[in-house]
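In case you want the letters, here they are:
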Amino acid sequence: MALPLLPGFSRRRNVSDRPGRLPPALLPCPGAAGAAPKAVPGVAGPFLPGPQVEAPLGALSSPGLSGGVKIGGENFHRSQICGYSNNVRRLFEDKPGIGGELLPGQTLKITSSVFPEAVGSSPPSWIAFDKQVLCFDAYFEEEVPEKHQELYRIRHCKIYFFLEDDTIQVTEPVVKDSGINQGTILRRGLVPLPPPHEDQFYTMYHFNINTEITLYGRKYKIIDCDLYTKNFLRKIGIKLNPPASRPDDPYTTERQKRYLESTNPFHPYERFDTLKQFLEFDGQVLGFSCVWNDPELQLSDPRELVLRYYLSDDTIDIREILPPNSGRDVVPFFLKRDKLPKNAPTAPYHPGTITNYTLLNVLGKPERNKGYYIRDVLQTGAVHQEFYKDSDLKIGAVINVWGRQILLCDCDEFTKEHYRKKYGIVDFTPIEYKTPPPPKPEKIIPPYNGFGSEEDSLSSCKSVVVQAPHKDYRQFLVKDRYGMDSFILRYAAKLITDIAVDKDRKFIISYFLSDDTISVFEYAERNSGIAGGKFLERSRIKKPGQELFKSEPSEYYQAQDLFVGARVCFHGHNFLLVDADEYTFNYMEKNANEFPMADICAVFNKLKSMTESGAKEIRKTFAVTDPEHTNVIGYDTFRNWIVSVAGGGFSEHEIMTLGRHYGIRDDSQTDLLLLLSMAQEKLKKNAFENFEQLVTVFLYNDREKCGLLPNETCRTIFKSFKLPLPDDLLETLLARFEDNQKQVDYKKFVHALNWRENQVRVFVEEKEQPKREDIWNQLPRSPPVTGIRYPPLLDDLFGKEE
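Calculation rules
Residues numbered from 1 in each chain as written. Predicted model: local features only at pLDDT ≥ 70, side-chain atom pairs only at ≥ 80, totals over all residues. Heavy atoms only, no water. Axes fitted to C-alpha atoms, helices over the stretch in contact; angles between N-to-C directions. Helix = DSSP H or I, 4+ residues; strand = E, 2+ residues; numbered from the N terminus. Parallel < 35°, antiparallel > 145°, perpendicular 65-115°, else oblique. Contact = heavy atoms within 4.5 Å. Nonpolar A, V, L, I, M, F, W, Y, C, P; charged D, E, K, R; others polar. Buried < 20%, exposed > 50% of the residue type's maximum accessible area, 1.4 Å probe, protein only. pLDDT = per-residue confidence, 0-100. Phe/Tyr/Trp six-rings, centres within 6.5 Å; stacked < 30°, edge-to-face > 60°. Polar contact = N/O pair within 3.5 Å; in protein donor to acceptor, adjacent residues only side chain to side chain. Salt bridge = Lys/Arg side-chain N within 4 Å of Asp/Glu carboxyl O. Expected span 1.5 Å × (residues − 1). Arc of directions from axis to C-beta. Pairing = 2+ DSSP bridges. Core = buried A, V, L, I, M, F, W, Y, C linked by side-chain atoms within 4.5 Å.

**Student:** Where do I start with the packing of helix H11 (residues 615-625) against helix H19 (residues 790-798) in this structure?
**Tutor:** As a packed pair, H11 and H19 sit with axes 11 Å apart at the nearest point and diverge in direction by 180 degrees. Accordingly, the angle class assigned to the pair H11 and H19 is roughly antiparallel. Here Ala615, Ile618, Arg619 and Phe622 of H11 come into contact with H19, specifically with Tyr790, Leu794, Asp795 and Phe798. A class-by-class count of the residues in the contact of H11 with H19 yields six nonpolar, no polar and two charged.

The structure is reproduced here in structure tokens:
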């Protein structure tokens with residue numbers, strides 16, 4: 001049975017405690033096992049009833065209780081000698097005694113690491129600082145007692161401090177013919193501090209510029225360090241000293257001076273070093289177009305040549321450009337690559353005439369049958385040849401190519417840039433040397449004969465082998481149906497006729513942007529006597545009033561010809577476009593540069609030019625129209641005002657463009673709660689619950705931490721999570737949650753989709769199902785505009801009223 005704890009003691013278990021073992025000071029007395037515990041004076045617990053009180057250590061006189069422990073101590077463990085250092089198992093022999101107290105005569109040694117516990121990165125130092133070394137430039141003075149030429153010697157070295165284990169290495173650069181064993185002066189290892197701190201080791205905090213350190217009795221003066229070392233020391237809080245000067249060894253300086261004087265010749269040799277020119281200009285070639293008037297071919301055109309000048313070695317080669325059916329043999333080179341002399345051809349020189357050096361015989365009796373020679377520094381009798389350089393080549397210059405006079409007519413862009421930088425030449429006007437070709441005869445296209453299409457008939461006139469007319473595949477690929485974009489413009493139309501039966505007929509005109517074709521569909525109505533369906537097959541439609549049999553290609557209806565209020569004629573049937581669907585309006589407004597009727601800026605400027613003089617009357621008219629001061633008027637009232645002001649100068653589509661810009665949308669759009677309930681139902685059926693991961697990804701992409709992301713970014717993230725929602729529903733919800741800058745509050749949006757925490761329940765009243773003829777069967781509807789906010793319109797037209 002374990003004794004109770006004294007006041008101030010706890011049952012804290014240290015790493016080295018064994019389960020179920022009490023500290024030695026609280027073990028029971030020998031032979032007391034199984035017996036009732038005896039009362040100990042001053043100790044409270046099950047020994048004696050009563051309150052627990054503290055007693056001094058001297059009051060514990062029971063056998064088995066230690067008297068050398070302070071009251072209030074908590075740690076009584078024995079220190080482990082097996083542990084981890086930088087996550088590596090090792091044996092510690094300098095551990096303290098019981099409870100962490102130092103043993104008699106023991107001093108706590110400071111480890112080589114200067115970082116406190118739990119500070120820095122989690123990996124060990126040999127991983128966190130792997131291959132990271134601090135490099136210092138230093139020098140030390142070495143006495144030379146055995147030579148009177150030098151009393152001391154200054155030796156430059158580099159000190160490397162390895163951050164992974166605080167080891168130091170000192171190396172000396174090898175100097176040629178120094179006579180000293182150079183290289184590694186101090187091998188890598190932990191270096192202790194000089195006495196009286198020899199139990200500690202050097203750390204990074206002991207290093208700084210313009211300071212001295214002592215390594216095993218030798219003093220090193222640190223004069224500078226590299227950029228990485230400077231940045232590292234600044235980051236750990238060390239204020240760097242200014243760099244010190246690097247002294248030179250006086251004996252070495254004097255010795256090098258004498259060596260240079262002894263090796264300097266009395267008559268310096270002339271060097272012919274072309275390696276620098278080769279390394280600097282290798283691969284750089286100047287190109288010229290030139291001509292040669294061959295005297296043997298007086299009736300033919302001049303022969304075209306291409307001259308190339310190699311800047312790496314000042315050589316030239318020439319190639320000939322042979323025209324088709326010239327009758328000449330094709331040769332690789334007109335002139336092989338070599339230096340081109342200016343005065344060629346000349347009489348050949350005798351062997352040995354052209355040399356780099358001229359040697360003279362020395363008069364006197366030769367010894368041992370050996371002759372003596374000296375070099376002619378004055379180059380007496382040397383033959384100097386002149387070769388063409390890049391400075392001799394320019395447009396309009398005539399060069400001598402072994403007796404053939406060649407005219408330089410033009411050059412390439414690299415050559416122009418070379419002469420512009422090196423010689424400052426800016427005039428590169430080419431010389432015309434070619435005879436202008438005769439004009440091509442005009443191709444006369446016969447008129448269309450009526451067989452086949454015009455394009456097919458025209459292709460038979462262009463080549464002997466008839467080929468099918470080429471289609472615009474780029475337009476087809478760009479404007480073919482993709483996703484939610486159909487690239488089909490649909491308009492509601494009616495016939496322009498005096499026949500009463502045909503006046504009420506409804507048509508849908510579809511324009512396909514992928515191939516500029518048009519199809520007409522008639523809406524079927526009950527008891528009308530007219531069968532609806534396809535009215536006109538999909539095809540390209542010519543504009544009326546064109547001659548049938550002509551040579552010029554016919555004009556077809558384009559997308560810009562169709563707009564609300566336009567009158568078109570398809571094969572003798574006149575149509576009036578009265579409306580369009582929402583996709584058509586949106587597409588035309590997005591591509592306003594192609595559709596001027598949907599360009600709000602052009603339409604507004606047109607209205608502003610018509611109403612500049614009547615600002616007061618127009619404001620008064622709108623005030624009378626809105627007696628209740630709601631700042632909103634009806635769309636029909638707004639349209640009638642535009643017609644009265646413009647006097648027929650505005651089309652119906654332009655009026656709709658203004659109405660859509662300043663209008664109020666109809667409230668009959670889909671309710672947001674209904675959309676959210678549909679989305680949550682889809683997510684619930686597919687068991688989608690990754691809402692926390694969604695928020696995490698959104699936060700990662702939100703670099704500015706503003707809670708907003710663009711619409712496209714949100715859509716991409718949802719697609720990456722494979723959100724089980726239809727594209728149209730997702731785009732509609734994102735449009736509802738975006739602001740004026742197309743930014744979406746992603747936290748609010750994800751919270752609205754979370755069917756676990758924010759379930760939306762919507763009760764929709766069942767309405768009477770409409771009749772079939774009332775359902776919109778692909779018939780375009782008017783834009784959902786119920787009213788016009790006229791104050792912004794008036795402010796834009798005439799400025800804000802004071």
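**Student:** I tried to follow unusual backbone geometry on my own but got confused; where do I start?
**Tutor:** Glycine aside, a negative phi is what most residues show, and trans is what most peptide bonds show. For the peptide bond that leads from Pro195 to Pro196, omega is 10 degrees, which places it in the cis range. Tracing the backbone shows Pro196 in the loop between strand S6 (184-189) and strand S7 (211-215). The omega torsion of the bond from Ala344 to Pro345 falls at 0 degrees, within 30 degrees of zero and hence cis. Within the secondary structure, Pro345 is located in the loop between strand S12 (335-338) and strand S13 (359-361). A positive phi angle is found at Trp402, which is not glycine, with a value near 55 degrees. Take Trp402: its relative accessible area is 41%, and that puts it in the partly exposed class. For Ala687, which is not glycine, the phi torsion reads 55 degrees and is therefore positive. Tracing the sequence through the fold places Ala687 in the loop between helix H14 (672-685) and helix H15 (691-701).

**Student:** Looking at this model, I keep getting lost on the confidence of the model for the chain. Mind explaining?
**Tutor:** Parts of the prediction with low pLDDT should not have their coordinates interpreted in detail. Put simply, the chain has an average pLDDT of 81, and 81% of its residues get 70 or more. Here residues 1-67 is a poorly scored stretch, pLDDT under 50, and it has 73 contacts once near neighbours within four places are set aside; other chains count. In this model residues 764-779 is a low-confidence stretch, pLDDT under 50, and it forms 14 contacts with partners more than four residues away in sequence or in other chains.

**Student:** Sorry, what's going on with the packing of aromatic side chains here?
**Tutor:** By convention here, two paired aromatic rings are described through the distance between centres and the angle between planes. Under the defined criterion, the tally for this structure stands at 26 aromatic pairs. Ring centres of Phe136 and Phe207 lie 5.2 Å apart, and the angle between their planes is 20 degrees; this geometry places the pair in the stacked category. One end of the pair, Phe136, is in strand S3 (residues 133-143); the other, Phe207, is in the loop between S6 and S7, with 71 residues separating them in the sequence. For Phe136, a relative accessible area of 0% corresponds to the buried category. Taking 6.3 Å as the distance between ring centres and 25 degrees as the angle between the ring planes, the aromatic pair formed by Tyr583 and Tyr587 counts as stacked.

**Student:** What am I meant to see in the side chain of His156 here?
**Tutor:** By the secondary structure assignment, His156 is in strand S4 (residues 152-162). Since its relative accessible area comes to 18%, His156 is described here as buried. At 3.1 Å, the side chain of His156 and the side chain of Arg246 are in polar contact. Engagement of the side chain of His156 in a polar contact is seen with the backbone oxygen of Pro247, the distance being 3.0 Å. With sequence-adjacent residues up to four places away left out, His156 is seen in contact with Ala138, Tyr139, Glu172, Pro173, Arg246 and Pro247.

**Student:** It is not clear to me how the pattern of salt bridges should be interpreted in this structure. Could you clarify?
**Tutor:** Side chains that differ in sign of charge can pair as their charged atoms come close. A full pass over the atoms with the stated rule returns 33 salt bridges. A salt bridge links Asp392 to Lys342, with the nearest nitrogen and oxygen atoms 3.1 Å apart. Note that Asp392 is positioned in the loop between strand S14 (373-375) and strand S15 (398-401) and Lys342 in the loop between S12 and S13, a separation of 50 residues in sequence. Judged by relative accessible area, which is 26%, Asp392 ranks as partly exposed. Using a relative accessible area of 25% as the deciding quantity, one classes Lys342 as partly exposed. Residues Asp390 and Lys422 are paired through a salt bridge, measuring 3.0 Å at the closest nitrogen-oxygen approach. Highlighted residues: Asp390 in the loop between S14 and S15 and Lys422 in helix H5 (residues 413-422), separated in sequence by 32 residues. With a relative accessible area of 48%, Lys422 lands in the partly exposed category.

**Student:** How should the packing of helix H10 (residues 600-610) against helix H13 (residues 652-662) be read in this particular structure?
**Tutor:** When two helices pack together, their arrangement is given by the angle between their axes and by how far apart the axes lie. Their axes nearest at 10 Å, the elements H10 and H13 cross at an angle of 105 degrees. With respect to their mutual orientation, H10 and H13 come out roughly perpendicular. The residues of H13 that touch H10, namely those facing Ile600, Val603, Phe604, Lys606 and Leu607, are Glu654, Thr657, Leu658, His661 and Tyr662.

**Student:** Any chance you could explain helix H12 (residues 635-646) here in plain terms?
**Tutor:** Each turn of an α-helix holds 3.6 residues, which means side chains three or four residues apart point in the same direction. With 12 residues, H12 extends 16 Å between its outermost C-alpha atoms, agreeing within 8% with the 16 Å of an ideal straight helix rising 1.5 Å per residue. Listing the buried residues of H12 in full gives Tyr635, Phe638, Trp641, Ile642 and Ala646. Looking straight down H12, one finds its buried side chains confined to an arc of 125 degrees; they lie on one side. Set apart from the buried face of H12 by more than 90 degrees, the exposed residues are Asp636 and Ser644. Looking at the residues trailing H12, positive phi occurs at Gly647, about 65 degrees.

**Student:** Got a minute to help me understand the pairing of strand S17 (residues 488-495) in this structure?
**Tutor:** The side chains of a regular strand alternate between both faces of the sheet. Burial runs high along S17: six of the eight residues are buried. Pairing of S17 with strand S18 (residues 506-512) involves seven bridges; the strand directions are antiparallel. Bridging across to S18, Ala493 finds its partner in Phe507. As defined by bridge partners, S17 adjoins strand S22 (residues 573-580) across five bridges and the pair is classed as antiparallel. Across the sheet, Lys494 pairs through a bridge with Leu576, a residue of S22.

**Student:** Explanation requested: the nonpolar core in the structure shown.
**Tutor:** Considering soluble globular proteins, one finds that nonpolar side chains tend to be buried as a cluster. By size, the foremost hydrophobic cluster in this structure holds 52 residues, and its most contacted members are Phe570, Phe575 and Phe638. A per-element tally of this core places H12 first, with five residues.

**Student:** So what exactly am I meant to see when it comes to H10 here?
**Tutor:** Taken residue by residue, H10 has Val603, Phe604 and Leu607 as its buried positions. When H10 is viewed along its axis, its buried side chains cluster within an angular range of 95 degrees and face the same direction. Turned more than 90 degrees from where H10 packs its buried face, Cys601 and Ser609 sit exposed. Next to the buried residues of H10 lie H12, H13 and H19.

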